[in-house]
Number of protein chains: 2
Amino acid sequence: MGLDHIATKPHEALADHLSGKLGDVNTLIRERMASRHAPRIPEVTAHLVEAGGKRLRPMLTLATADLCGYGGAYDVHLAATVEFIHTATLLHDDVVDESAQRRGRPTANLLWDNKSSVLVGDYLFARSFQLMVETGSLRVLDILSNAAATIAEGEVLQLSAARDLRTDEAIYLQVVRGKTAALFSAATEVGGVIAEVDEAHIKALFDYGDALGIAFQIVDDLLDYQGDAKATGKNVGDDFRERKLTLPVIKAVAAASETERAFWERTIEKGDQRDGDLEEALRLLHHHGTLEATRQDALGWSGKARDAILTLPEHPVRDMLSDLADYVVARIN
Amino acid sequence: MGLDHIATKPHEALADHLSGKLGDVNTLIRERMASRHAPRIPEVTAHLVEAGGKRLRPMLTLATADLCGYGGAYDVHLAATVEFIHTATLLHDDVVDESAQRRGRPTANLLWDNKSSVLVGDYLFARSFQLMVETGSLRVLDILSNAAATIAEGEVLQLSAARDLRTDEAIYLQVVRGKTAALFSAATEVGGVIAEVDEAHIKALFDYGDALGIAFQIVDDLLDYQGDAKATGKNVGDDFRERKLTLPVIKAVAAASETERAFWERTIEKGDQRDGDLEEALRLLHHHGTLEATRQDALGWSGKARDAILTLPEHPVRDMLSDLADYVVARIN
């Protein structure tokens, strides 16, 4: 929306710049997804991996490796690793949420079953692990195994934090790091690590991925309350109906009067929702200015991402990554 | 049963011999199971990890490292790794089995349990991965990542192989390697790898774990048709009722007349089971001698395990492992 005046979107510019390597990643993914013994595996994953999204996460690894002057071939392994971990997480999320649709298509667990989603997800985790072992870098293994633990921990934390009004902004941030930012920051950090750049630059790459991922998730949560269903593919208030405590609501609960708190307890904690409740929720979010405050938070994280990446030496990819940080908040700006 | 005359069972003798290291493994497991952010994690895992089974798999790693003269501390890391992978697999198996029983929408409570099982399982996989990265051995990482892929692949293969009369002994063996033997053989192989013994001995340790795991699983499948419910904790015919194609049935299908094949198609493939079907199935297994043939297969694998371990130099632990190979088939001998 807001950035339609930019002729080429930053993720498209990146995809263009990295098209050769992205082709290699796709080849490697197809190759490693195959299973000699269990033909069901590529059937289940093809649906997710081939139909595929924007390949944003693997692109972050290829981009940061390129920006750091990496000349080897392991950026392709690591990009495929990151995409496998992402796909495995989606498969396991689908089981967990019993969600009916993802990217406008039926989820794998409806097309197949829960069994396939859990076990094929496990297979992709194992395959991603094999791919990173092939790089021979213990530091990369350390980063990605820590990311995997943070992702799982964040997802478990979300189980207890959801529907619990005691969830505060610190817990929300931890959940968001698990859901989104941990894989973004690992994807950008390993690009610098395999290129063997100095520690300050590796730290900046981590900070970029971390802040970008957080901005990305906050925008998603914000659009749930004020998005255009046609543009986002979500209906306004889905999170409210699913009783998810996201940032706008957490801020509203923190500022709530006694009556307002009772409203949130009934609708979110107890799940007793009636006609007009979504409208009342939206009124409270506007009343306390929490949509605007959430928007400011997203802009703040986007700014942190941009500042971090701009500490790296000049490079066309550096500027694309900086544009990407602007772009993730363009929909709310 | 058959081996009650042996004063100390081999796994008890091993536990005794390795008690110091096993204590270290338990401490490490408790430490790494904890989560700063998600207290639900130790709640879910405690009943599995603490209540604890025989710790057979971690013991195999400690035993093989000891047998190979390893003097370091990473055997404890690897033993905990193996136990975490085993526990994660159990958690994911639970989800799978539950979803099979309830085709419709799960209750809120069941959904919560499923969520915890999937995500806490993922957390344990990630933690196991961190533990093995700490050993700094790329070869160990390679072995365990391959094992993880074989386990997941075997589980997926089982999904399509179950209830399909085309499943033959080769497919059965692949499934059994995934379900059981891949983790056994990885557990024994890494013990030799960290001790840096020669390749022939490492290969023998792998072969021992592989054959032991296969014997272990075949015995389990055989006892389902001829076990003593009091001793096994299973009712005769559970696998038949769940339409599982295990070795005795696979052999009977291979030898079936046209009428018999129709019986297996109806009961296993279509799941149309009536009173007296289990008795008829048992009659066919006896008629074709497949229970005895299965028993011979188990004894054969047990013998392979014993032969493999006896190629290693003399050592009290070597003899305990050899006794263990006899012990897994003692219940059917």
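Residues numbered from 1 in each chain as written. Chains lettered and ligands numbered in written order. Predicted model: local features only at pLDDT ≥ 70, side-chain atom pairs only at ≥ 80, totals over all residues. Heavy atoms only, no water.

Quick reminder of the rule: UniProt positions are given in the numbering used here, feature names are shortened, and annotations may be inferred rather than shown by experiment.
Per an unreviewed UniProt entry, the recorded name for chain A is Polyprenyl synthetase family protein, and the organism is Roseovarius rhodophyticola. The UniProt entry for chain A carries the following text under Sequence similarities (unreviewed entry): "Belongs to the FPP/GGPP synthase family." According to the UniProt record, the Cofactor (unreviewed entry) comment for chain A is "Mg(2+)".

1. Some thoughts on the relation of the copies chain A and chain B
Under the convention used in this document: Least-squares superposition of the copies uses the C-alpha atoms of those residues scoring a pLDDT of at least 70 in each of them. The contact definition used throughout considers only heavy atoms, calling two residues in contact when any of these lie within 4.5 Å.
Take chain A, turn it by 180°, move it 0.0 Å along the axis, and it overlays chain B with an RMSD of 0.1 Å. Both chain copies can therefore be described as sitting about a two-fold axis. By residue overlap, the copies meet face to face through one surface: 91% of the interface positions of chain A are interface positions in chain B.

2. Points about empty space enclosed by the protein
Where empty space is left becomes clear once a probe the size of a water molecule has been rolled over the atoms. The cut-off we apply is this: Residues are called lining when one of their atoms sits within 4 Å of a cavity or pocket point, these points coming from a 1 Å grid over the protein atoms alone, where a cavity is a set in which a 1.4 Å probe fits but cannot get out and a pocket is an open set with protein on both sides within 12 Å along at least five of seven lines. Grid points are joined across faces, edges and corners, and a volume is the space filled by probe spheres set on the points. Note that Gly is not counted as nonpolar here; it falls among the polar residues with everything else outside the nonpolar set of Ala, Val, Leu, Ile, Met, Phe, Trp, Tyr, Cys and Pro and the charged set of Asp, Glu, Lys and Arg.
Summed over all chains, the structure comprises one cavity of 30 Å³ or more. Taken as a whole, the largest cavity holds about 370 Å³ of empty space. Asp122(A), Phe125(A), Ala126(A), Phe125(B) and Ala126(B) are the residues nearest the centre of the largest cavity, which is lined by 31 residues in total. The residue makeup of the lining of the largest cavity, split by class, is 20 nonpolar, six polar and five charged.

3. Some thoughts on the side chain of Arg295(B)
So the rule is basically this: The numbering of helices and of strands both runs from the N terminus, where a helix is a DSSP run of H or I of at least 4 residues and a strand a run of E of at least 2. Three labels apply to residues, based on accessible area from a 1.4 Å probe with only protein chains included: buried if under 20% of the type maximum, exposed if over 50%, partly exposed otherwise in between.
Along the chain, Arg295(B) turns up in helix H15 (residues 290–309). Arg295(B) sits in the buried class, given a relative accessible area of 18%.

4. What to know about the interface of chain A and chain B
Quick note on the threshold: The term buried area denotes the loss of accessible surface (1.4 Å probe radius) that occurs when two parts are joined, taken as the sum for both partners. Any Lys or Arg side-chain nitrogen located within 4 Å of an Asp or Glu carboxyl oxygen qualifies as a salt bridge. Contacts described as polar in this section are N or O atom pairs within 3.5 Å, which, within protein, must combine one atom able to donate a hydrogen with one able to accept it, while residues neighboring in sequence count only if both atoms come from side chains.
Taken together, the contact between chain A and chain B spans 43 residues of the former and 46 residues of the latter. For the pair chain A and chain B, the two sides together bury roughly 4000 Å², of which 76% comes from carbon and sulfur. Interface area lost by chain A to chain B is led by Leu119(A), Phe129(A) and Leu159(A), which between them contribute 16%. Counting across the chain A and chain B interface gives zero salt bridges. Remark: the boundary between chain A and chain B carries four residue pairs in polar contact (both at pLDDT 80 or more). Counting residues per element, the ones that place at least two in the side of chain A that touches chain B are helix H3 (40–49), helix H5 (74–97), helix H7 (114–134) and helix H8 (138–161) of chain A. Of the residues assigned to the side of chain A that touches chain B, the class counts are 22 nonpolar, 11 polar and 10 charged.

5. Comments concerning the packing of aromatic side chains
All names here are of chain A. So the rule is basically this: Working definition: a ring pair exists when centres of Phe, Tyr or Trp rings (six-membered ring for Trp) sit within 6.5 Å. Plane angles under 30 degrees give stacked, over 60 give edge-to-face, the rest tilted.
Scanning the model with the defined rule gives nine aromatic pairs over all chains in all. Arranged with centres 5.2 Å apart and planes meeting at 70°, the rings of Phe263 and Trp264 form a pair that is edge-to-face. Trp264 gets classed as buried once you look at its relative accessible area, which sits at 0%. In this structure an aromatic cluster arises from ring pairing among Phe240, Phe263 and Trp264.

6. Concerning the nonpolar core
Defined as follows: What is meant by a nonpolar core is a set of buried Ala, Val, Leu, Ile, Met, Phe, Trp, Tyr and Cys residues, joined one to another through side-chain atoms within 4.5 Å.
With 213 residues, the main nonpolar core has Tyr208(A), Trp264(A), Leu321(A), Tyr208(B), Trp264(B) and Leu321(B) as its most contacted residues. Once residues within four sequence positions are removed from consideration, Leu321(B) is found in contact with Leu14(B), Leu60(B), Ala63(B), Thr64(B), Leu67(B), Tyr208(B) and Ile309(B).

7. Structural notes on the packing of H7(A) against helix H7 (residues 138–161) of chain B
Keep this limit in mind: Only the stretch in contact is used when a helix axis is fitted, and all axes are lines through C-alpha atoms; the angle between N-to-C directions ranges over 0 to 180 degrees. Roughly parallel refers to an angle under 35 degrees, roughly antiparallel to one over 145, roughly perpendicular to one between 65 and 115, and oblique to any angle outside these ranges. Two helices crossing with the near one rotated counterclockwise from the far one by less than a right angle form a left-handed crossing, whereas a clockwise rotation gives a right-handed crossing.
Where H7(A) meets H7(B), the closest approach of the two axes is 8 Å, and the angle between their N-to-C directions is 160°. Accordingly, the angle class assigned to the pair H7(A) and H7(B) is roughly antiparallel. In this structure, H7(A) crosses over H7(B), and the sense of that crossing is left-handed. Its residues assigned to classes, the contact of H7(A) with H7(B) shows 14 nonpolar, four polar and six charged.

8. Describing the pattern of salt bridges
Residue and element names in this part refer to chain A. Overall, the coordinates contain 40 salt bridges over all chains when judged by the stated rule. In this structure, Arg283 and Glu280 form a salt bridge, with 3.1 Å as the shortest nitrogen-oxygen distance. Of the two residues, Arg283 and Glu280 are both situated in helix H15 (residues 277–287); the distance of three residues between them amounts to about one turn of the helix. When its relative accessible area of 45% is taken as the criterion, Arg283 is described as partly exposed.

9. Side note on helix H17 (residues 316–328) of chain A
What sets the pattern is the α-helix's 3.6 residues per turn: residues three or four places apart point alike. For the record, the criterion: Residue count minus one, scaled by 1.5 Å, sets the expected span of a helix.
Taking 1.5 Å of rise per residue, the 13 residues of H17(A) would be expected to cover 18 Å, and the 19 Å separating its terminal C-alpha atoms lies within 8% of that figure. Contacts from the buried residues of H17(A) go to helix H1 (10–17), helix H4 (56–67), helix H10 (199–226) and helix H16 (290–309) of chain A.

10. Here's the deal with the environment of Leu299(A)
Note on placement: Leu299(A) falls in helix H16. When sequence neighbours within four positions are dropped, the list of residues in contact with Leu299(A) reads Val329(A) and Asn333(A).

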